[in-house]
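Structural overview for review
Here is how the chains run, residue by residue.
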Amino acid sequence: MPKVELHLHLDCSLSYAAVARLDPSISRQQYEAEFIAPPQCASLADFLTRAPRGFQLMQSRDALRLVTEDVFEQLGADHVVYAELRFAPLLHLAEGLTPENVVETVDRATEDCIAATGIEARLILCTLRHYGEQQSLETAQLVERFRGSRVVALDIAGDEAGFPIDAHIAAFRYAADQGLSRTAHAGEARGAESVWETLRAFAPRRIGHGVRSIEDPSLVEHLRRERVHLEVCPSSNVQTRACRKYAEHAIDRLFRAGVSVGINTDARTITNITLEEEYARLREHFAWSDKELLACNREALRAAFVEEPVRARLLSAMEAFEQAAQ
Ligand SMILES: [Zn+2]
């Protein structure tokens, strides 16, 4: 099945092969212990303690390129036809790269990978919850500076429960004023009130996760009516305890309620999962068939931050697959 994946962190999705090339001293055993989190962490904050292992290895142009190529290989194995990769440029400055160097390197690598694999992709730049106002604004300004490249949107990621949104209001206001696309992590480590707050303060077209919206029926109705797309990552949510177990995940109820949802891996390394595996779990726990999975892919494509001709081309390829499968 041709798939669309909108929520994927570049720096949390390094295969062992890539890690071993970046640092041959890291054994597979060490990779499994330090890069991959256990099936259930104590919290999102606990889950996020694995993230530095990835970005610490991504501090040079060569390393950023290698990791981008590695992710495209994983996308190819999952039959992804369109992906949006996200990363926080300011996490890659430890060895002297400037934020512009970082974005330009990932952008060029993405361009080359699109040409080499035929997989369409765009980039989202993340600010992080614990950043100050200036860092957040700098990240938003990078999205503007790279307008016209593969960089298409601003996101906020990181520890939702540990840090409020206040320091990021200026960045999202700037992005809105510049007409930049926006998504935001919310409703993962905190409940529906965090999603409301994010919608009001950042006015994003999409929400990263957003699964705890299910706690407030009026919010579910609002999301449905306003067609706010939720980038859902079920296995990651079980791992961070946003939900107790897979069978209780809100994706099925949100889907049945008519909310626009898509299926994503979030952090392929930390969660130790592929998109194919995520689809298999949805089939297993909710008896989802191709029908539901295809509908999610169509919704994700409708919500993608991509130019209309590309969206139209990918939609018709998806419809051709659906017709052939019937
Ligand atoms: Zn995420």
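Each chain carries its own residue numbering, running from 1 in the direction its sequence is written. In view of the model being predicted, local features appear only for residues whose pLDDT reaches at least 70, and side-chain atom pairs are presented and counted only at 80 or more, with totals across whole chains, interfaces and linings using the full set of residues. Hydrogens and water are ignored here; the side-chain numbers use all heavy atoms of the structure.

**Topic: the sheet that holds strand β3 (residues 120-128)**
Read from one edge to the other, the open sheet built from eight strands follows the order β1-β2-β3-β4-β5-β6-β7-β8, with strand pairing classed as parallel. In this open sheet, the two strands that pair with only one neighbour each are β1 (3-9) and β8 (261-263). The mean angle between the axes of side-by-side strands here comes to 25 degrees, regardless of whether they run parallel or antiparallel. Note: strand β7 (residues 229-232) against β8, three bridges, orientation parallel. Bridging across to β8, Val232 finds its partner in Ile263. Here, residues are in contact when the closest pair of their heavy atoms is within 4.5 Å. Note on geometry: axes are lines fitted to C-alpha atoms, helical ones only across the stretch in contact, with angles between N-to-C directions running from 0 to 180 degrees. Put simply, DSSP H or I for four residues or longer makes a helix, DSSP E for two residues or longer makes a strand, and each gets a number counted from the N terminus. The strands that helix α9 (residues 192-202) touches are β4 (151-157), β5 (181-186) and β6 (206-209); relative to β5, the one it contacts most, it runs at about 160 degrees. Against the sheet, helix α16 (residues 308-325) contacts β1, β2 (80-87) and β3, and its axis sits at roughly 120 degrees relative to β3. Pairing between two strands is assigned when DSSP locates at least 2 bridges connecting them.

**Details of helix α14 (residues 275-286)**
One less than the residue count of a helix, multiplied by 1.5 Å, gives the span that helix is expected to have. Here α14 is 12 residues long and its end C-alpha atoms lie 16 Å apart, about the 16 Å a rise of 1.5 Å per residue gives. Every buried residue of α14 is listed here: Leu275, Glu278, Tyr279, Leu282 and Phe286. Take α14 and look down its axis: the buried residues cluster within an arc of 100 degrees, on one side only. Positive backbone phi, approximately 55 degrees, marks Ala287, located one or two places after α14. Think of it in three bands: residues with accessible area under 20% of the maximum for their type are buried, residues over 50% are exposed, and the middle band is partly exposed, with areas taken using a 1.4 Å probe on protein chains only. As used here, the arc belongs to the directions running from the helix axis to the C-beta atoms.

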